[in-house]
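As a plain string of letters, each chain reads:
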Amino acid sequence: MSSINTSTSTPSMASLLRNRFIQAIMAAGLFMQVGIWIRNFAILLFVVKQTNGNGLAVSLISVAEFAPIFIFSFIGGTFADRWRPKRTMIWCDLLSAVSIFLILMALLFSTWKVVFFATLVSAILSQFSQPSSMKLFKVHVPGEQMQAGMSLFQTMMAVFMIMGPVIGTFVYQKLGIHISMGIVGAAFLLSALALMLLPADQKEEKTANASPLIEDMKLGFQYVWKRKILITLGAGFLAAGLGLGFIHPLAIFIVTERLGLSENYLQWLFAANGAAMIIGGGVTMVLSNRIKPHILVMLGMGISAVGICIIGWSTNFWLTLFCEFAIGLFMPALQIGINTIILKNTEEAFVGRVNGILTPLFMGAMVITMSLAGVLKDQFSIIVMYQLSAVFFIVGILVMVPMFRLTRTEGEKLAES
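All values reported here derive from a predicted model rather than from experimental measurement.

Here we look at the overall build of the chain
Inference 1: Check the secondary structure of the chain and you find 15 helices and zero strands.
Inference 2: Taken across its 417 residues, the chain has 51% of its residues classed as buried.
Inference 3: Considering only intrachain contacts with a sequence separation of at least 6, the fraction spanning at least 24 residues in the chain is 89%.
Inference 4: As displayed, the chain has an accessible area near 19,400 Å², and 69% of this comes from carbon and sulfur atoms.

Structural data, given as C-alpha cells:
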C-alpha cells in the first residue's frame, strides 16, 4: 500500500484535468450551480413580489434551505455509505429535476406557495448527494492530487458566489418564474447526464449493507469518537460556527453604523470577498502539494480571526474592504484543508457518516448564534459582536493545534489498516 507521505514528483494540473472523475464532477457541478443559483434568486424575488416583501415569507426560504441540513445530513451520509455513490448522485439530480417540473405544473394550475417546496426538496436530496461526491473523491482521486482537486472544485464554487446572484436575477427579471424554473429543471437533468460519465461504481459484497440502519448510524458516531483528529476537527468546526453566526446577519451594520455609508456599499464588500475567494482557490490549487492541509486550516482560521477583529473596529472603508479581501483570499484554504483532512483520515466506508456528523455541527452552531446576534447587538454593540466572533475563531485555532501531531500519526494508522 502506498505511503501517505507527499510524493516527490508534483502532479501537473494537466494530469489532474485528464482525470475522468474530475472532468465529470466539474461538468455536473457547473450545471448544478447554474440551477441552484437561478432557483434561489428566482424564488427569492418571486416571493418578495408576491408578498410585498413580507419578512416571514422571505425567512421561510432560508428555513427550507437550512433545515434539511440538521434533519437529513447524518441520515443522508449514512445512506451514502450504504448505497453506490454514482447511482445515488444521479438519482438525486433526476428526482430534483422531477420535483422542479412538478412544482412548475403546480405554479401553472395552483398556488404560488408551492415554490417553497422547490428549495426544500432539493436541499433534502443534496444531503444524500453531497456525501456521495466526497466518497467518490476518496475513490477516484489519488492522494497526492486530492487537495488540488478540492481546490479546483472550490474555485468554481467561488466563481458562482459572484456570478450566481447576477445570473439568477437576470434570468428571473428577463424570463419570469415559469421559464426560470424550467431552466432549473433542465440544469438538474444536464447534471445527471454529466454524472453518467463518472467511472462505474465499485461492486460491493451484499454483506456490506446487511447491518440495520440504526447500527450503521451508531458505528458512524463510534468511528468519529475513536479518531482524535476528527474530534479535534469537530471542536474547531463548533467554535468557527459559533463565531461566524455572531456576525453573519450583521454585515449591513458594518456599512451603515461603522462606516457611515449607504447600504449600497455592502455589495462592494461582498464582491471583494468573492473575487478573493476565486484568487485564493487558484493559489491553493497551485500550492496544494507544498502546504499540509492542517496548515491551510490554521491559516484560514487565523486570517479570519484577525480580519474580523479589524473589521469590527474599522471606520475606514478601504481598510474594511482590504480585510474582507484577505478573509476571502484564505477562506478556500480553510475549506479545502478541512475536506482534505476528512478524506485523508477517514476510511472509504465511513466518509458519508463522518461528513454527516461534522457538517450539522458547524451549521447548528452558526444558526444558534445567528438567532442571538440581533438581540446581543442591541444590548452591546457591533464592535463587541465582531470581537466576540474573532475570539471564537482564536479558540478554534487553539483547539485544533493538536492536528499538527494527529494528522501524521492517525494518517499512518489509516494507511496501515
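Quick look at the environment of Val391
Inference 1: On the secondary structure map, Val391 appears in helix α14 (residues 382-400).
Inference 2: Considered as a pair, Val391 and Ala305 are 86 residues apart in the sequence and their alpha carbons are 7.2 Å apart.

Structural notes on the packing of aromatic side chains
Inference 1: Inspection of the entire model under this criterion finds four aromatic pairs.
Inference 2: Their ring planes at 15° and their centres at 6.1 Å tell us that Trp83 and Phe128 sit as a pair that is stacked. Of the two residues, Trp83 is situated in the loop between α3 (55-82) and α4 (85-109) and Phe128 in helix α5 (residues 115-140); the sequence distance between them amounts to 45 residues.
Inference 3: The class for Trp83 is partly exposed, based on a relative accessible area of 39%.

Structural notes on the side chain of Asp93
Inference 1: Positionally, Asp93 belongs in helix α4.
Inference 2: Although buried, Asp93 forms no salt bridge, and the nearest oppositely charged side chain, Arg39, lies 9.4 Å from it.
Inference 3: With residues near it in sequence (within four places) discarded, Asp93 still touches Met32, Phe188, Ser191, Ala192 and Leu195.

Some thoughts on the environment of Ala326
Inference 1: Among the structural elements, Ala326 can be located in helix α12 (residues 317-344).
Inference 2: Judged by its relative accessible area of 19%, Ala326 falls in the buried class.
Inference 3: A C-alpha to C-alpha distance of 7.1 Å links Ala326 and Ala276, two positions 50 residues apart in sequence.

Structural notes on the packing of α4 against α5
Inference 1: Two elements in contact, α4 and α5, have axes whose closest approach is 8 Å; the angle formed by their N-to-C orientations is 170°. By the criterion of interaxial angle, the relationship of α4 to α5 is roughly antiparallel. Across the interface between the two elements, Pro85, Lys86, Thr88, Met89, Cys92, Leu95, Ser96, Ser99, Ile100, Ile103 and Leu107 of α4 pack against Val115, Phe117, Ala118, Val121, Ser122, Leu125, Phe128, Ser129, Ser132, Ser133, Lys135 and Leu136 of α5.

Some words on the confidence of the model for the chain
Inference 1: Overall, the predicted model of the chain reaches an average pLDDT of 79, with 87% of residues at or above 70.
Inference 2: Scored below 50 in pLDDT, residues 1-10 makes nine contacts in the model with residues more than four places away or belonging to other chains.

With respect to the nonpolar core
General note: in soluble globular proteins, nonpolar side chains tend to be found buried as a group.
Inference 1: Ranked by internal contacts, the top residues of the largest apolar core, which has 76 residues, are Phe21, Leu233, Val297, Met301, Val354, Tyr386 and Met403.
Inference 2: Among the elements that line this core, the one with the most residues is α12, at eleven residues.
Inference 3: Apart from residues lying up to four places away in sequence, Met301 is in contact with Gly236, Ala240, Leu334, Phe393, Gly396, Ile397 and Met400.
Inference 4: Counting 24 residues, the second largest nonpolar core, distinct from the first, contains Ala57, Ala106, Val114 and Ala118.

Some details on a nonpolar patch on the surface
Inference 1: Together, Val98, Leu102, Met105, Leu108 and Phe109 give the surface a local cluster of nonpolar side chains, amounting to about 560 Å² of exposed area.
Inference 2: With respect to the secondary-structure elements, Val98 resides in helix α4.
Inference 3: Residue Val98 is classed as partly exposed on the basis of its relative accessible area of 45%.

Some words on the side chain of Thr232
Inference 1: If you trace the backbone, Thr232 turns up in helix α8 (residues 228-247).
Inference 2: Classification of Thr232 by relative accessible area gives buried; the value is 10%.
Inference 3: Here the side chain of Thr232 touches Lys228 through a polar contact of 2.8 Å, landing on its backbone oxygen.

Focus on α8
Inference 1: With 20 residues, α8 extends 30 Å between its outermost C-alpha atoms, agreeing within 8% with the 28 Å of an ideal straight helix rising 1.5 Å per residue.
Inference 2: Burial analysis of α8 places 15 of its 20 residues in the buried class, which makes it a mostly covered element.

Concerning the packing of helix α10 (residues 266-286) against α12
Inference 1: Following both chains from N to C, one finds α10 and α12 inclined at 40°, their axes separated by 7 Å at the closest point. The handedness of the crossing between α10 and α12 comes out as right-handed.
Inference 2: Residues of the contact of α10 with α12, tallied by class, amount to 15 nonpolar, seven polar and one charged.

Rules behind the numbers
- Residues numbered from 1 in each chain as written.
- Predicted model: local features only at pLDDT ≥ 70, side-chain atom pairs only at ≥ 80, totals over all residues.
- Heavy atoms only, no water.
- Helix = DSSP H or I, 4+ residues; strand = E, 2+ residues; numbered from the N terminus.
- Buried < 20%, exposed > 50% of the residue type's maximum accessible area, 1.4 Å probe, protein only.
- Contact = heavy atoms within 4.5 Å.
- Areas by Shrake-Rupley, 256 points an atom, 1.4 Å probe, with all protein chains shown as cover.
- Phe/Tyr/Trp six-rings, centres within 6.5 Å; stacked < 30°, edge-to-face > 60°.
- Lys, Arg positive; Asp, Glu negative; His and termini not counted.
- Salt bridge = Lys/Arg side-chain N within 4 Å of Asp/Glu carboxyl O.
- Axes fitted to C-alpha atoms, helices over the stretch in contact; angles between N-to-C directions.
- Parallel < 35°, antiparallel > 145°, perpendicular 65-115°, else oblique.
- pLDDT = per-residue confidence, 0-100.
- Core = buried A, V, L, I, M, F, W, Y, C linked by side-chain atoms within 4.5 Å.
- Patch = residues over 30% accessible without salt bridge, like charges linked within 9 Å, V, L, I, M, F, W, Y side chains within 5 Å.
- Polar contact = N/O pair within 3.5 Å; in protein donor to acceptor, adjacent residues only side chain to side chain.
- Expected span 1.5 Å × (residues − 1).
- Left-handed = near helix turned anticlockwise from the far one by under 90°.
- Nonpolar A, V, L, I, M, F, W, Y, C, P; charged D, E, K, R; others polar.

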